[in-house]
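# Coordinate inspection notes
Next come the chains, spelled out residue by residue.
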Amino acid sequence: FTSDRATDFTAILTSIKSKNPDVVFFGGMDPQGGPMVQQMKRLGLNAKFLGGDGIQNGNFIKLAGVEAEGTVASLPGLPLDAMPGGAGFKQRFEARFGPIQVYAPYAYDAVYVLVEAMKRADSADHAKVVAELPKTDFEGVTGRIRFDAKGDTTGGAVTLYQVKNGAWVVLETVK
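Here goes a summary of the coordinates provided. (Residues numbered from 1 in each chain as written. Predicted model: local features only at pLDDT ≥ 70, side-chain atom pairs only at ≥ 80, totals over all residues. Heavy atoms only, no water.)

### What to know about the nonpolar core
By size, the foremost hydrophobic cluster in this structure holds 21 residues, and its most contacted members are Met40, Phe49, Phe60 and Trp168. Elements supplying a minimum of two residues to this core: strand E1 (23–26), helix H2 (30–42), helix H3 (58–64), strand E3 (72–76) and strand E6 (158–164). Once you skip the residues sitting within four places of it in the chain, Trp168 turns out to touch Ile55, Gln56, Asn57, Gly58, Phe60, Ile61, Thr71, Val72, Ala73, Tyr161, Gln162 and Val163. Grouped together as the second largest cluster of nonpolar side chains are five residues, Met83, Phe93, Ala104 and Val141 included. (Core = buried A, V, L, I, M, F, W, Y, C linked by side-chain atoms within 4.5 Å. Buried < 20%, exposed > 50% of the residue type's maximum accessible area, 1.4 Å probe, protein only. Helix = DSSP H or I, 4+ residues; strand = E, 2+ residues; numbered from the N terminus. Contact = heavy atoms within 4.5 Å.)

### Overview of H2
Compared with an ideal rise of 1.5 Å per residue, which puts 13 residues at 18 Å, H2 spans 18 Å between its outermost C-alpha atoms and is within 8% of the ideal. The complete set of buried residues in H2 reads Asp30, Gln32, Gly33, Gly34, Pro35, Met36, Val37, Gln39 and Met40. Taken together, the buried residues of H2 touch helix H1 (10–17), E1, strand E2 (48–51) and H3. Positioned one or two residues after H2, Gly44 has a phi angle of 75°, which is positive. (Expected span 1.5 Å × (residues − 1).)

### Things to note about the sheet that holds strand E7 (residues 167–174)
What holds strands together in a sheet is hydrogen bonding between their backbones, with the strands either parallel or antiparallel. Pairing within the open sheet is mixed, and its five strands lie in the order E1-E2-E3-E6-E7. Either end of the sheet is taken by a strand with one partner, and the two such strands are E1 and E7. The mean inter-strand angle of the sheet, taken between neighbouring strand axes irrespective of direction, is 25°. Relative to E7, E6 runs antiparallel, the two being bridged by seven bridges. Residue pairing in the sheet places Thr159 in a bridge with Thr173 of E7. (Pairing = 2+ DSSP bridges. Axes fitted to C-alpha atoms, helices over the stretch in contact; angles between N-to-C directions.)

### Quick word on the side chain of Ser123
Secondary-structure assignment places Ser123 in the loop between helix H5 (104–121) and helix H6 (126–132). For Ser123, the side chain forms a polar contact with the main-chain nitrogen of Asp125, separated by 2.8 Å. Contacts of Ser123, omitting those with residues within four sequence positions, involve Met118, Lys128 and Val129. (Polar contact = N/O pair within 3.5 Å; in protein donor to acceptor, adjacent residues only side chain to side chain.)

### Topic: helix H4 (residues 86–97)
In this model, H4 (12 residues) spans 16 Å end to end at C-alpha, consistent with the 16 Å of a helix rising 1.5 Å per residue. Residues of H4 that are buried: Gly86, Phe89 and Phe93. Down the axis of H4, the smallest arc covering the buried residues is 65°, so these residues share one side. Turned more than 90 degrees away from the buried face of H4 sit Ala87, Gln91 and Ala95, all of them exposed. (Arc of directions from axis to C-beta.)

### Some remarks on the packing of aromatic side chains
Per the stated rule, a full pass over the model turns up nine aromatic pairs. The interplanar angle of 50° and the centroid separation of 5.0 Å between the aromatic rings of Tyr108 and Tyr112 together place this pair among those described as tilted. Residue Tyr108 and its partner Tyr112 are both found in helix H5; the two are separated by four residues, about one turn of the helix. Centre to centre, the rings of Tyr112 and Phe138 are 6.5 Å apart; their planes meet at 5°, and the pair counts as stacked. (Phe/Tyr/Trp six-rings, centres within 6.5 Å; stacked < 30°, edge-to-face > 60°.)

Structure follows, in structure tokens:
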């Protein structure tokens, strides 16, 4: 366990090193992940470093420096350039707002899913809109959006990225 303000992970990593792990998974954010991977290397802890979307950004690489090399992180969804409407969305977004944020296409699609549900409900009333969401079948920037009987999106994907030569590159997309 650590906190979002911690910067020294020596005690935690020393304990982990004694167990000789193959992998260290960190479920936090880049301000802790960057220093953590640096400290792992300094301690001679040679386990693979894996994280989630909280480290899959340029700031993690900046904070970790050369020690970021080989780090693997997951991010929900397809890479932007693999999304059906990704290239066009990126161009329009960046022309208007500047560099694209990772979740921008998902937020965009979510708004349109809600708008379509409001249209079907002919209302903005919460209960009526929620009742219409299961009927969603929307072609968005990110792909086709539908929900299963439990309310989860169907056809989801997770993409794994790895730091190679100081940049995140797609390793694999799991659908």
